[in-house]
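Residue-level structural notes
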Amino acid sequence: MEKIHATTILAVLHNGQLAIGGDGQATMGNYVAKSNVRKIRKLADGKILAGFAGSTADAFTLIERFEEKLNSYGGNMKRAAIELAKDWRMDRFLRRLEAMMITASKDEILILSGTGDVLEPDHQVAAIGSGAMYAQSAALALKKHATHLSAEEIVRESLNIAADICIYTNHNLVIEKL
């Protein structure tokens, strides 16, 4: 049985604003299984945003574990991310999960992977998923050459560009901002 996956998640910190967005597409093999999946979550009473890409059930498991870590570490996003990454790499169950996450606060963006990575992206732009490189390229260009745009506008336009190019990304966008 094929797994449901594929998406594009993009986070941008620009001019003191943070926005994170994702498309709504979930694919199973080579067809669209659902077109309006919500892959962005507000955590820690709305102070932290998280987006996920990969197998949907695996991503939900990671979001739940991340939220537990946030609670354990008093809302400290970086500490919670590092502790989740350690567990993810060491735990036999978690190690099999096929997903990635972006977590973001007003001050920083982190990318979490199952190999134990917790990365702070260059230029305060992070992207994961099938259309990640399209969205990230567009966001970097807009951030550099259209500095008057808000973080939300950069995320929206970049995800739309990715959706025009990537067959695993659609135009049903969900964008949250801090």
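Residues numbered from 1 in each chain as written. Predicted model: local features only at pLDDT ≥ 70, side-chain atom pairs only at ≥ 80, totals over all residues. Heavy atoms only, no water.

1. Remarks on the packing of helix α4 (residues 132–145) against helix α5 (residues 151–165)
- Axis separation between α4 and α5 bottoms out at 8 Å; the angle between their running directions is 140°. Our classification of the angle between α4 and α5 gives oblique. Considering the relative orientation of α4 and α5, their crossing is right-handed. Side by side, α4 and α5 meet where Tyr134, Ala135, Ala138, Ala139, Leu142 and Lys143 of the first sit next to Ile154, Glu157, Ser158, Leu159, Ile161, Ala162 and Ile165 of the second.
- Across the contact of α4 with α5, the residue classes tally to 10 nonpolar, 1 polar and 2 charged. (Axes fitted to C-alpha atoms, helices over the stretch in contact; angles between N-to-C directions. Helix = DSSP H or I, 4+ residues; strand = E, 2+ residues; numbered from the N terminus. Parallel < 35°, antiparallel > 145°, perpendicular 65-115°, else oblique. Left-handed = near helix turned anticlockwise from the far one by under 90°. Contact = heavy atoms within 4.5 Å. Nonpolar A, V, L, I, M, F, W, Y, C, P; charged D, E, K, R; others polar.)

2. A word on the pairing of strand β8 (residues 99–104)
- Burial runs high along β8: 5 of the 6 residues are buried.
- As paired strands, strand β7 (residues 48–54) and β8 are joined by 6 bridges and run antiparallel to one another. What sits directly across from Gly51, in β8, is Ile102.
- Both β8 and strand β9 (residues 109–112) contribute to a ladder of 4 bridges, which runs antiparallel. Counted as the bridge partner of Thr103 is Leu110 from β9.
- The hairpin turn running from β8 into β9, its antiparallel successor, is 4 residues long. (Buried < 20%, exposed > 50% of the residue type's maximum accessible area, 1.4 Å probe, protein only. Pairing = 2+ DSSP bridges.)

3. Section: the nonpolar core
- If you look at the biggest cluster of nonpolar residues, it comprises 18 residues, and the most contacted ones within it are Leu43, Ile48, Ile63, Phe66, Leu70, Met101 and Leu112.
- Setting aside residues no more than four positions away along its own chain, Leu112 makes contact with Ala81, Leu84, Trp88, Met100, Met101, Thr103 and Asp117.
- Counting residues in hydrophobic clusters, the runner-up holds 17 residues, among them Leu142, Leu149, Ala162 and Ile175. (Core = buried A, V, L, I, M, F, W, Y, C linked by side-chain atoms within 4.5 Å.)

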